[in-house]
Amino acid sequence: MDSLMTPTLEISRGRFLQNLAAVQERIGPARLMLAMKDDAYGHGVEWAVAAAIDAARPVEMFGGYDVHTSLRIRERAEQATVFAWASSTDEEVELALHARIELGVGDADYLSRVIDVSRRLGRTARVHLKIDTGLHRNGIRPEDWSRVVADAMTAQRAGAIEVVGVWSHLAEASDAEDDESARAFREAVDVVRAMGGAPASLHLTASAASWWRPELRGTVCRIGAFCYGIRSADGPEIPGVAPIAALRARVIEDRGDDVVIGVGSFHGLPSILAGASIGTPGGMREIVRIDQTRTLVRGWSGARVGDMTTVFGPGDQDEPDATTLAERIGTVGEEIITRLTGTVRRVIED
Ligand SMILES: *Cc1c(COP(=O)(O)O)cnc(C)c1O
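Bear in mind the structure is a predicted one, so any value in this text is a computation, not a measurement.

### Quick look at empty space enclosed by the protein
Applying the stated criterion across every chain, the model contains two cavities of 30 Å³ or more. What the largest cavity holds in volume is close to 70 Å³. Forming the walls of the largest cavity are 13 residues, and the residues nearest its centre are G229, I230, P243, A322 and I337. Grouping the constituent residues of the lining of the largest cavity by class yields eight nonpolar, three polar and two charged. Of the volumes computed, that of the second largest cavity is approximately 50 Å³. Every residue lining the second largest cavity is listed: G229, I230, R231, E237, I238, V241, A242, P243 and D321. Of the residues that constitute the lining of the second largest cavity, the class distribution is five nonpolar, one polar and three charged.

### Some points on the layout of surface pockets
Empty space within the largest pocket amounts to approximately 760 Å³. Around the largest pocket sit 33 residues that line it, and K37, Y41, R137, H169 and A206 are the ones nearest its centre. Among the elements of the structure, α3 (37–41), α10 (207–212), β9 (220–223) and α12 (333–338) are those that each provide at least two residues to the lining of the largest pocket. Of the residues assigned to the lining of the largest pocket, the class counts are 17 nonpolar, seven polar and nine charged.

### Brief notes about the site of the ligand
Within the structure, the ligand sits among A35, K37, Y41, W85, W167, H169, A206, S207, R222, I223, G224 and A225. The contact in question runs from a nitrogen atom of the ligand to an N or O atom on the side chain of R222, over 2.8 Å. Contact distances for the ligand include 2.8 Å between an oxygen atom and a backbone N or O atom of A225. In the complex, 86% of the free accessible area of the ligand, which totals 390 Å², lies under the protein chains. Only α3 and β9 provide two or more residues apiece to the shell around the ligand.

### Notes on helix α2 (residues 13–27)
With 15 residues, α2 extends 21 Å from end C-alpha to end C-alpha; this agrees with the ideal 21 Å at 1.5 Å per step. The complete set of buried residues in α2 reads F16, N19, L20, A22, V23, Q24 and I27. Contacts made by the buried residues of α2 are with β1 (8–12), β2 (31–35), α4 (45–53), α10 and β9.

### Let's talk about the pattern of salt bridges
In the structure shown here, the tally under the stated rule is 24 salt bridges. One salt bridge connects E253 with R255, and the closest N-O pair in it is separated by 3.0 Å. In this structure, E253 engages R294 in a salt bridge whose closest nitrogen and oxygen atoms are separated by 2.9 Å. Residue E253 is located in strand β10 (residues 245–254), and its partner R294 is located in the loop between β13 (283–290) and β14 (295–298); the two are separated by 41 residues in the primary sequence. E253 sits in the partly exposed class, given a relative accessible area of 29%. Residue class for R294 comes out partly exposed when judged on its relative accessible area of 28%. Look at the salt bridges and you will find they share partners, linking D175, D179, R213 and E215 into a network.

### Let's talk about the packing of α4 against helix α5 (residues 67–76)
Between α4 and α5, the shortest axis-to-axis distance is 9 Å and the interhelical angle comes to 45°. Comparing their axes, α5 and α4 come out oblique. In this structure, α4 meets α5 at a crossing whose hand is right-handed. Of the residues in α5, those in contact with V45, E46, V49 and I53 of α4 are T69, R72, I73 and R76. When the residues that make up the contact of α4 with α5 are grouped by side-chain class, the tally is four nonpolar, one polar and three charged.

### Quick word on the nonpolar core
Ranked by size, the top nonpolar core spans 101 residues in total, and within it F16, L34, F62, L129, I161 and F312 carry the most contacts. Residues contacting L129, with those up to four places away along its chain left out, are V105, L111, I140, W145, V149, A152, V163, G165, V166 and W167. Residues M61, W85, W167 and V220 belong to the second largest nonpolar core, which totals six residues.

### A closer look at the packing of helix α6 (residues 90–98) against helix α7 (residues 108–121)
Contact pair α6 / α7: the axes reach a minimum separation of 10 Å and the direction vectors enclose 55°. Compared by their axis directions, α6 and α7 come out oblique. Crossing handedness for the pair α6 and α7: right-handed. Counting all contacts with α6, which are made through D90, V93, E94, L97 and H98, the residues of α7 involved are Y110, R113, V114, V117, S118, R120 and L121. When grouped by side-chain class, the residues that make up the contact of α6 with α7 number six nonpolar, two polar and four charged.

### Some words on unusual backbone geometry
With an omega dihedral of 5°, the bond running from G28 to P29 counts as a cis peptide bond. Mapping P29 onto the fold places it in the loop between α2 and β2. Phi at A40 is positive, roughly 55°, even though this residue is not glycine. With respect to the helices, strands and loops of the structure, A40 is situated in helix α3. Relative accessible area serves as the criterion here: at 0%, A40 is assigned to the buried category. In the Ramachandran plot, N138 falls in the positive-phi region, its phi being about 75° despite a non-glycine side chain.

Parameters at a glance
- Residues numbered from 1 in each chain as written.
- Predicted model: local features only at pLDDT ≥ 70, side-chain atom pairs only at ≥ 80, totals over all residues.
- Heavy atoms only, no water.
- 1 Å grid on protein atoms, 1.4 Å probe; cavity = no way out; pocket = protein on both sides within 12 Å on 5 of 7 lines; lining within 4 Å.
- Points joined across faces, edges and corners; volume = space filled by probe spheres on them.
- Nonpolar A, V, L, I, M, F, W, Y, C, P; charged D, E, K, R; others polar.
- Helix = DSSP H or I, 4+ residues; strand = E, 2+ residues; numbered from the N terminus.
- Near = heavy atom within 4 Å.
- Polar contact = N/O pair within 3.5 Å; in protein donor to acceptor, adjacent residues only side chain to side chain.
- Areas by Shrake-Rupley, 256 points an atom, 1.4 Å probe, with all protein chains shown as cover.
- Expected span 1.5 Å × (residues − 1).
- Buried < 20%, exposed > 50% of the residue type's maximum accessible area, 1.4 Å probe, protein only.
- Contact = heavy atoms within 4.5 Å.
- Salt bridge = Lys/Arg side-chain N within 4 Å of Asp/Glu carboxyl O.
- Axes fitted to C-alpha atoms, helices over the stretch in contact; angles between N-to-C directions.
- Parallel < 35°, antiparallel > 145°, perpendicular 65-115°, else oblique.
- Left-handed = near helix turned anticlockwise from the far one by under 90°.
- Core = buried A, V, L, I, M, F, W, Y, C linked by side-chain atoms within 4.5 Å.

So, in structure tokens, the structure goes:
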């Protein structure tokens, strides 16, 4: 009874593979770096890495954000490039170097710590230097760039590091700002080359800009959302890309006018989603109220305990996707999925 009544996030491996193929097709010849922060956006790292490296066109680069997630990726992807861009402790850097994880470096202090650790271990750290192109969220400032790159090149000549990439992150607030960021990015790459560097991985864009602004792509695109089928809030559908996860919950009580389903705010469903419609065997029905572990839904005739409902995601009716729910409450689809707690069972289907 217990597991029958547990809400589940049903995830389609096949749909995920189709999304990967669509994204790779769109961004080629740039390579996909699959972003996997927050446990692969709430879908689960392990199965997703296994699926991605087994794809018809295998994913060869993964972005783990932190070292811990990157180590989980490395366990499943022995050969892949794994990139961790969060500034990390010396202990984490050491683990990363042992596991051949490449490091994103966005400030001079972190660079010197990485150099120290790699010297101590006698292992060359593969480093992607981050230029701040306007987002002001970590990244080496343009006025400091030449000096930091010079330090990096000195360490590279000594064998402590290899600068294998240059990267940045776009604000995606306006095309004009992003154009300006791309210009600053190209200048930063030129500086590295002029000082003798040969970074092969140049990456600036995430889902939306990689898809819609081909002129801004470098040699690599860091993409999470679209691979998991999460479109941008207030953004268009993406051709060939569809949500991979559906949140399903069973009827646990029939009260006639209303029906109670077994999912609530303690599972991570925001209570302010009351008023949204979900898929039920009786058709689309409105959420009346979301409590801690249960949700009250407008009833339908013939409702029975155990009936399955779809709160979001692929269903056989007009179910909202996670982004549609997010738009109701002024957030993004990623947040709807990553908020779901560990009490929501993840079920991976073919
Ligand atoms: C999360 C993240 C991405 C991926 O963004 P999406 O919009 O999900 O594709 C890329 N780069 C960085 C630095 C990120 O933190």
